[in-house]
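Spelled out from the first residue to the last, the chains are:
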Amino acid sequence: VQLVESGGGLVQPGGSLRLFCAGSGFTFSSYVMSWYRQAPGKEREVVASITSAGGTTVYVDSLKGRFTISRDNTKNLVYLQMNSLKPEDTAVYYCVARYALGTKNYWGQGTQVTVSS
């Protein structure tokens, strides 16, 4: 299982970013995909998840309405659209894959998102 994130960077407060995660080495459409993040000095937290076929999405309550997770199983990609970004969204964002019938999480290397003026 290989996961490669991209799309991170520096953005001003109120701006938007779209993160990408490319999966390879596994049957992408059979895996639940999630985004996690870890801010400096804080524990890693789940941001959003999407079921293997993309029919159901789940978000941490504090991010509902600003972040959107989606996937394209024809391209083995999962996305995280982030709008109205705030300085507190600054973190390393990780893409995570979990087989729909399994319990093991596979992690990407992460992509840095910095929200600052």
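To be clear, the structure that these remarks concern was listed above.
Residue numbers here run from 1 along each chain, matching the order of that chain's written sequence. In view of the model being predicted, local features appear only for residues whose pLDDT reaches at least 70, and side-chain atom pairs are presented and counted only at 80 or more, with totals across whole chains, interfaces and linings using the full set of residues. Calculated side-chain values reflect all of the structure's heavy atoms, with hydrogen atoms and water omitted.

Student: Please clarify how the overall build of the protein chain should be interpreted in this entry.
Tutor: Counting its regular elements, the protein chain contains zero helices and 11 strands. The numbering of helices and of strands both runs from the N terminus, where a helix is a DSSP run of H or I of at least 4 residues and a strand a run of E of at least 2. From first element to last, N terminus to C terminus, the protein chain shows the α and β order β-β-β-β-β-β-β-β-β-β-β. Every radius of gyration here is taken over C-alpha atoms, with the globule rule written as 2.2 Å times N^0.38, N being the number of residues. Rg of the C-alpha trace for the protein chain: 13 Å, near the compact-globule value of 13 Å for 117 residues, within the 12% margin. For the protein chain, the spread of C-alpha atoms along the three principal axes comes to 40 × 25 × 25 Å. Only protein chains enter the calculation, and the probe is 1.4 Å; a residue is then buried if its accessible area is under 20% of its type maximum, exposed if over 50%, and partly exposed in between. Residues counted as buried form 42% of the 117 residues belonging to the protein chain. In the protein chain, the share of contacts with a sequence separation of at least 24, taken over all contacts with a separation of at least 6, comes to 53%. Working definition of accessibility: Shrake-Rupley area with a 1.4 Å probe, residue cover restricted to the visible protein chains. When the accessible surface of the protein chain is totalled, it reaches about 6000 Å², and 48% of it is carbon and sulfur. Residue contacts are counted whenever heavy atoms from the two residues lie within 4.5 Å of one another.

Student: Which parts of the structure should I look at to understand the environment of Y36?
Tutor: When you line up the elements, Y36 lands in strand β4 (residues 31-38). Expressed as a C-alpha distance, the spacing of Y36 and Y93, which sit 57 residues apart in the sequence, is 5.7 Å.

Student: Whenever I open this one, the state of the cysteines confuses me. Can you help?
Tutor: A disulfide bridge is the covalent bond that connects two cysteines by way of their sulfur atoms. We call a pair of cysteine sulfur atoms a disulfide when they lie within 2.5 Å. As enumerated under the stated definition, the model contains one disulfide in all. Linked covalently through their sulfurs, C21 and C95 form a disulfide whose S-S length is 2.1 Å. Between C21 and C95, the disulfide has an S-S torsion of -80° and is therefore left-handed. Here C21 is found in strand β3 (residues 17-24), whereas its partner C95 is found in strand β9 (residues 91-99), with 74 residues between them in sequence. The buried category is assigned to C21, whose relative accessible area is 0%. Here C95 falls in the buried class, since its relative accessible area comes to 0%.

Student: Before we go on, may I ask you to explain the side chain of T90 in this structure?
Tutor: Within the secondary structure layout, T90 lies in the loop between β8 (77-82) and β9. Polar side-chain contacts of T90 include one of 2.9 Å to the backbone oxygen of P87. Within the structure, T90 has its side chain in polar contact with the backbone nitrogen of V115 (distance 2.9 Å). The contacts of T90, once residues within four sequence positions are left out, are A39, P40, Q112, V113, T114 and V115. Here a polar contact is recorded for every N or O atom pair within 3.5 Å, except that within protein the pair must consist of a potential hydrogen donor and a potential acceptor, and residues adjacent in sequence are included only if both atoms are side-chain atoms.

Student: What is the right way to read the pattern of salt bridges from this model?
Tutor: Between side chains of opposite charge, pairing is possible as soon as their charged atoms come close. Basic side-chain nitrogens of Lys or Arg form a salt bridge, by our definition, when they fall within 4 Å of a carboxyl oxygen of Asp or Glu. Under the defined criterion, the tally for this structure stands at four salt bridges. Notably, a salt bridge pairs D89 with R37, separated by 3.0 Å at the nearest N-O pair. Taken together, the positions of D89 in the loop between β8 and β9 and R37 in strand β4 put the pair 52 residues apart, joining distant regions of the chain. Here the two residues D89 and R37 agree in accessibility, since each one is buried. One salt bridge in this structure joins R66 and D89, with 2.8 Å as the shortest N-O distance. With R66 in the loop between β6 (57-59) and β7 (67-72) and D89 in the loop between β8 and β9, this pair connects stretches of sequence that are 23 residues apart.

Student: Looking at this structure, how should I read the sheet that holds strand β1 (residues 2-6)?
Tutor: Backbone hydrogen bonds hold the strands of a sheet together, and the pairing may be parallel or antiparallel. Strand order in the open sheet made by the four strands is β1-β3-β8-β7, with antiparallel pairing throughout. Unpaired on one side and paired on the other, β1 and β7 mark the two borders of the sheet. Between one strand and the next, the sheet's axes are offset by a mean angle of 15°, whatever the strand orientation. Paired strands are those between which DSSP finds at least two bridges. Bridge count between β3 and β8: six bridges; the pairing is antiparallel. Bridge assignment links F20 to a residue of β8, and that residue is Y79. Here, axes are lines fitted to C-alpha atoms. For helices the fit covers the stretch in contact, and angles between N-to-C directions go from 0 to 180 degrees.

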